Amino acid sequence: MNNHNTTEAFGTENRKKDTRLWSVASGASADSESAIREAAAMIEAGGTVAFPTETVYGLGADARNTQAVDRIFQAKGRPSDNPLIVHIAGREQLDELVLPYGETARRLMARFWPGPLTLVLPARPGAVSPRVTAGLPTVAVRMPAHDVALRLIAAAGCPVAAPSANRSGRPSPTLAAHVREDLAGRIDGIVDGGPTGVGLESTVVELIGERVNVLRPGGVTPAELREVAGEVTLEPALDAASDTRPEEAVARERTGRDGDAVQSRNAPRADNQTAEPAPRSPGMKYAHYAPRGAMRIVKGAAPERVSAWIQAELDAARRRGERTGVLAFDEHAGAYRADLVVSCGSLRALETAAQRLYAALRSFDEHGIGFILAEACPEEGIGLAVMNRLVKAAGHRIVEV
Ligand code: AMP
Ligand code: MG
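Since we're looking at a predicted model, the values are computed, not measured.

**Q** What is the right way to look at the overall build of the chain in this model?
**A** Assigned secondary structure in the chain consists of 14 helices and 19 strands. Taking all 401 residues of the chain together, 58% fall into the buried category. Across the chain, the fraction of contacts at a sequence separation of at least 24, relative to all contacts at a separation of at least 6, is 68%. Total accessible area computed for the chain in this model is approximately 16,000 Å², and 50% of it derives from carbon and sulfur atoms.

Below you can see the structure in the form of structure tokens.
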């Protein structure tokens with residue numbers, strides 16, 4: 001993994017491309033400069049290159065080039081109605097992408113860019129491929145706070161459309177090894193810049209007048225947004241995501257596990273002919289981040305009760321011959337008996353949970369765990385984004401005990 005400037009072929013089924021791999025340290029060096037130049041040239045030529053950002057690894061392509069953007073959708077198996085975030089390296093690139101915007105948007109950029117905040121703004125017609133915006137009149141833009149990402153985008157000299165560099169439906173990649181697992185042979189290159197920082201995707205917001213509406217919780221918390229915006233709201237569909245449901249309904253439901261995005265039960269289906277409104281952020285209707293095993297979240301006011309319930313369920317599953325796993329926090333992780341116990345760190349430091357979550361979900365797959373229970377965390381601060389991803393990973397299966 002650490003060999004610099006090597007070309008590796010990953011020849012398995014449907015993995016037909018030679019995926020170039022570069023290892024790049026943060027900060028300028030002659031080696032990293034030439035790697036970034038080569039990766040940027042691939043993007044300029046219409047290729048697809050995965051690169052590190054402070055949130056998760058992104059899969060980048062020239063946002064103006066429809067064929068290049070199509071390659072992102074193909075490599076990920078991403079539904080074409082789910083628009084992509086456009087990444088820029090400087091404010092001068094923004095004016096080419098969007099129509100004039102208001103004071104609140106300006107303040108958000110001044111405070112949070114570069115950083116894990118994506119703004120949905122009115123698109124300048126023709127600035128990016130209609131595939132990027134899925135035909136919407138708006139475009140989602142962000143400036144990542146990662147030296148390698150910024151250097152790559154600047155060197156490519158174009159706006160870079162970049163969703164997370166995973167197969168659709170799978171946990172997002174926080175290491176280059178995760179990108180290889182999902183996309184080697186399907187994309188042109190991977191820039192390995194080490195582990196990502198935040199570990200969860202950016203916060204996506206739209207502006208309704210001067211009100212900031214959070215479409216997806218992420219690295220920037222609502223409290224931080226409130227420090228610069230007069231009014232901050234959470235898209236109502238986000239609450240639906242953490243609704244609890246009866247056990248038997250939960251047990252009946254199995255979402256698709258084959259790596260392609262599946263529509264979540266809480267959102268209107270694309271083929272729905274009823275009057276349900278379209279989601280404001282198309283990506284919200286898809287289930288995401290799922291490990292291959294069946295996962296449930298266990299919630300409750302009394303932590304001892306939650307732990308006892310989890311252990312009893314694990315024991316029962318083991319007696320049935322299942323391989324069992326728990327996603328827990330340091331406060332209780334030591335007490336569980338299961339085939340795999342993964343801790344997301346302390347409940348008092350949920351930034352660590354954000355950093356570890358996706359690698360933890362992938363580790364259940366690596367150990368062939370079919371039966372997974374996850375402790376819930378408080379939906380405060382970054383915990384809101386952690387629970388949002390966990391609920392999606394569990395296909396909305398939540399048990400209240
Ligand atoms: P991903 O690329 O997987 O991190 O997901 C990007 C998220 O941003 C998805 O939830 C998209 O639906 C959302 N998004 C991208 N562009 C727009 C847009 N123009 N309007 C609303 N949401 C958007
Ligand atoms: Mg994604």
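**Q** When you look at the site of ligand 1 in this model, what are you seeing that I'm missing?
**A** Close contacts around ligand 1 come from 17 residues, with Arg-78, Thr-138, Arg-216, Ser-281 and Gly-283 the closest. For ligand 1, an oxygen atom lies 3.1 Å from a polar atom in the side chain of Asn-82. One of the side-chain nitrogen or oxygen atoms of Arg-216 is found 2.9 Å away from an oxygen atom of ligand 1. Protein burial of ligand 1: of its 500 Å² of free accessible surface, 94% is covered by the chains. Here the shell around ligand 1 is composed, by residue class, of nine nonpolar, five polar and three charged.

**Q** Explain the pairing of strand 15 (residues 294-299) here, please?
**A** The two faces of the sheet receive side chains in turn, since in a regular strand these alternate between them. The buried fraction of strand 15 is high, at five of six residues. As paired strands, strand 15 and strand 19 (residues 398-400) are joined by three bridges and run parallel to one another. In the sheet register, Ile-297 faces strand 19, and the bridge partner there is Ile-398.

**Q** Teacher, can you tell me more about empty space enclosed by the protein here?
**A** This model, assessed by the stated rule, comprises one cavity of 30 Å³ or more. Approximately 30 Å³ is the volume attributed to the largest cavity. Contributing to the lining of the largest cavity are Leu-327, Phe-329, Cys-344, Leu-357, Glu-375, Val-386 and Leu-390. A class-by-class count of the residues in the lining of the largest cavity yields six nonpolar, no polar and one charged.

**Q** I tried to follow the nonpolar core on my own but got confused; where do I start?
**A** Soluble globular proteins: nonpolar side chains tend toward being buried together. Of all hydrophobic cores here, the largest spans 49 residues; its most connected members are Leu-108, Trp-113, Leu-117 and Leu-225. If you tally residues by element for this core, the top one is helix 2 (residues 66-76), at five residues. For Trp-113, the contacting residues outside a window of four places in its chain are Ile-88, Arg-91, Leu-94, Leu-108, Leu-119, Val-141, Arg-142 and Met-143. One finds Met-295, Ala-385, Met-387 and Ala-394 within the second-largest nonpolar core, a separate group that totals 31 residues.

**Q** Looking at this structure, how should I read the sheet that holds strand 19?
**A** Sheet strands associate in pairs through backbone hydrogen bonding, adopting either a parallel or an antiparallel arrangement. Here we have five strands laid out as an open sheet, ordered 17-16-18-15-19, and parallel in their pairing. Of all the strands in the sheet, just strand 17 (340-343) and strand 19 have a single pairing partner and so form its edges. Across the sheet, the axes of successive neighbouring strands diverge by a mean angle of 20°, strand direction being ignored. Packing against the sheet, helix 14 (residues 383-393) makes contact with strand 15, strand 16 (324-328), strand 18 (371-375) and strand 19, and its axis sits at approximately 135° to strand 15.

Conventions and cut-offs
- Residues numbered from 1 in each chain as written.
- Chains lettered and ligands numbered in written order.
- Predicted model: local features only at pLDDT ≥ 70, side-chain atom pairs only at ≥ 80, totals over all residues.
- Heavy atoms only, no water.
- Helix = DSSP H or I, 4+ residues; strand = E, 2+ residues; numbered from the N terminus.
- Buried < 20%, exposed > 50% of the residue type's maximum accessible area, 1.4 Å probe, protein only.
- Contact = heavy atoms within 4.5 Å.
- Areas by Shrake-Rupley, 256 points an atom, 1.4 Å probe, with all protein chains shown as cover.
- Near = heavy atom within 4 Å.
- Polar contact = N/O pair within 3.5 Å; in protein donor to acceptor, adjacent residues only side chain to side chain.
- Nonpolar A, V, L, I, M, F, W, Y, C, P; charged D, E, K, R; others polar.
- Pairing = 2+ DSSP bridges.
- 1 Å grid on protein atoms, 1.4 Å probe; cavity = no way out; pocket = protein on both sides within 12 Å on 5 of 7 lines; lining within 4 Å.
- Points joined across faces, edges and corners; volume = space filled by probe spheres on them.
- Core = buried A, V, L, I, M, F, W, Y, C linked by side-chain atoms within 4.5 Å.
- Axes fitted to C-alpha atoms, helices over the stretch in contact; angles between N-to-C directions.

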